[in-house]
Amino acid sequence: MTVVYRSIWHGSGTMGGFAAEGAGAVLGALLGGACKGGSKSALLPQVVACPARLGGVTYAVTVDTQIASGAPEMDELQRVGAGALLEQGFDSVESIDGPDGVEVEIADTWVGVHPGGALLKVFVDAPALEFAEEAVRALVEELLERSELLADWTIERCEVELHPDLAKESLEAAAGPDAPPDDLASRRAGLIESAAGDTAAGATSDAVDTEAVQRRMRSMAGQLRAFGPEIFGAPDEEDKDDDLAEHGSRVSVDTAELAAGALVWAKDVLLDELFQDAYALAEEETNVAECDRPMWLLDELPPRYALRYDAHFARRFLVTAIALTTRFTEGSFEQLSCVGEELVLRILLDRAEVTLETFGLLDEGVASALECFAAMVYEDMDHEWLYDDSKDGIDESPVGEYLGVAPMGLASWFKPFNDDRYVHPYAVDETFAEER
């Protein structure tokens, strides 16, 4: 793959230069809220409509990059600087040229920097899934290599997650004697082998190492910094070697780690799906109820408001999900802040269970751990009434007032429950709420 640049981009400099990049990006964000070109800053997470398709299929490629192993986590100014470097790199790219005259066009990008690296979304127009993933991987590798400050970063994940209907469209888009196999799982296995080299030799997606997945999932538990094993019903670290019965615990610390790791894993799935839905609604300029394209997640929200789940709503829900899961992973979580966060957690728990079940890891102990987590984090389950039309309006009734039910209409979903709760300003969006 060859990256074609529309302008010269240099990502070199010292850590002092890194901070200078950050200061400039902060100023730009304060003045305008978005960076130049097609890329969008994580300072104001958003997804906008991309240009019309140029041919083939438009793919949203997720790239998970990490700082060098053993390196200290980035502070806030360094994160903004890293984001500015990545955004400027994307802005300088015209296209990506592949073999046999294949050209991959970049439609839009989004950069979300966290202390340990960055999550990137790259929307590209490509003739098939493989070209999209290979092109974006080549592009990001080159952008990292070109920057002295990012050269030690690694790519942990680079993939397209397709809804079954879109997967079929991708398969039909590929043609010719060198076209990949019709089975999407086989195509994915081939990409994994080519990316991982000899370590993946002989591996297939049908032969998943459950124990390896379990170890990896448990290793991710530490990222859920806001919670210890006790919130999952396990003894805390001081008592983990004691008999579980002495503490009335239903699960072991190992099981609690698996449940915590599943939530971290599910976080990425949830955010990926929200990005896909927000992009689809923006491109189609419609809402969930009337969108011809399949939804990944937003159609699981209370159906009574489906006509009002448009691209703007999707971006607000996405920002709410990012804010909540960030508090989970950085350790600052105290309480759910609004109805929107309650619904995000509902779907996050569902995705965690689906993930565990997919790998054959959802047993009674893990299910109990997730149930205990939900019981500890939720203050009440009033949001479930949004899925019961017979309870519509109960928050405005005398019964609701007597029970202390918080307002649950769509206009209240992103309003803090009280002054002590924090909701991202982009999600609050009082003007939008009043219009609704």
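Here's a quick rundown of the structure. None of the values given here were measured: they were computed from a predicted structure. (Residues numbered from 1 in each chain as written. Predicted model: local features only at pLDDT ≥ 70, side-chain atom pairs only at ≥ 80, totals over all residues. Heavy atoms only, no water.)

1. Topic: the overall build of the chain
Thinking step 1. Tallying secondary structure elements over the chain gives 13 helices and seven strands in all.
Thinking step 2. Counting contacts in the chain only where the partners sit at least 6 residues apart, residues at least 24 apart contribute 72% of the total. (Helix = DSSP H or I, 4+ residues; strand = E, 2+ residues; numbered from the N terminus. Contact = heavy atoms within 4.5 Å.)

2. A short note on the packing of aromatic side chains
Thinking step 1. Considering all chains together, one arrives at 15 aromatic pairs under this definition.
Thinking step 2. Pairing Tyr-305 with Trp-413 gives two aromatic rings, centres 5.6 Å apart and planes at 85°, and the pair type is edge-to-face. Of the two residues, Tyr-305 is situated in the loop between helix 7 (253–284) and helix 8 (311–330) and Trp-413 in the loop between helix 11 (398–403) and helix 12 (425–428); the sequence distance between them amounts to 108 residues. For the pair Tyr-305 and Trp-413, one class covers both residues: buried.
Thinking step 3. Of the aromatic side chains, those joined through ring pairs into one cluster are Tyr-305, Tyr-309, Phe-313, Phe-317, Trp-413 and Phe-414.
Thinking step 4. Here Arg-216 stacks its cationic end above the ring of Trp-265, 4.9 Å away from the centre of that ring.
Thinking step 5. The lysine or arginine in question, Arg-346, covers the ring of Tyr-387, its NZ or CZ lying 3.8 Å from the ring centre. (Phe/Tyr/Trp six-rings, centres within 6.5 Å; stacked < 30°, edge-to-face > 60°. Buried < 20%, exposed > 50% of the residue type's maximum accessible area, 1.4 Å probe, protein only. Lys NZ or Arg CZ within 6 Å of the ring centre and 35° of its normal.)

3. As for the packing of helix 9 (residues 339–358) against helix 10 (residues 364–377)
Thinking step 1. At a minimum axis distance of 11 Å, the contact between helix 9 and helix 10 shows a crossing angle of 170°. One way to sum up the angle between helix 9 and helix 10 is to call them roughly antiparallel. Of helix 10, the residues touching helix 9 (which contributes Leu-345, Leu-349, Ala-352, Glu-353 and Leu-356) are Val-366, Leu-370, Phe-373, Ala-374 and Val-377.
Thinking step 2. Here the residues of the contact of helix 9 with helix 10 are counted per class, giving nine nonpolar, no polar and one charged. (Axes fitted to C-alpha atoms, helices over the stretch in contact; angles between N-to-C directions. Parallel < 35°, antiparallel > 145°, perpendicular 65-115°, else oblique. Nonpolar A, V, L, I, M, F, W, Y, C, P; charged D, E, K, R; others polar.)

4. A word on the pattern of salt bridges
Thinking step 1. Within the structure shown, the criterion is met by 16 salt bridges.
Thinking step 2. Close ionic contact of Arg-218 with Glu-257 constitutes a salt bridge, the shortest N to O distance being 2.9 Å. Pair noted here: Arg-218 is in helix 6 (residues 210–219) and Glu-257 is in helix 7, with a separation of 39 residues, a long-range link.
Thinking step 3. Owing to a relative accessible area of 26%, Glu-257 belongs among the partly exposed residues under this scheme.
Thinking step 4. With a shortest N-O distance of 2.8 Å, Glu-384 and Arg-346 are connected by a salt bridge. Taken together, the positions of Glu-384 in the loop between helix 10 and helix 11 and Arg-346 in helix 9 put the pair 38 residues apart, joining distant regions of the chain.
Thinking step 5. Residues joined in a network through salt bridges with shared partners are Lys-121, Arg-157, Glu-159 and Asp-272. (Salt bridge = Lys/Arg side-chain N within 4 Å of Asp/Glu carboxyl O.)

5. Observations concerning the packing of helix 6 against helix 7
Thinking step 1. Contact pair helix 6 / helix 7: the axes reach a minimum separation of 7 Å and the direction vectors enclose 80°. With respect to their mutual orientation, helix 6 and helix 7 come out roughly perpendicular. Here Val-213, Gln-214, Arg-216, Met-217 and Arg-218 of helix 6 lie close against helix 7, whose contacting residues are Asp-254, Glu-257, Leu-258, Gly-261, Ala-262 and Trp-265.
Thinking step 2. Residue composition of the contact of helix 6 with helix 7, grouped by class: five nonpolar, two polar and four charged.

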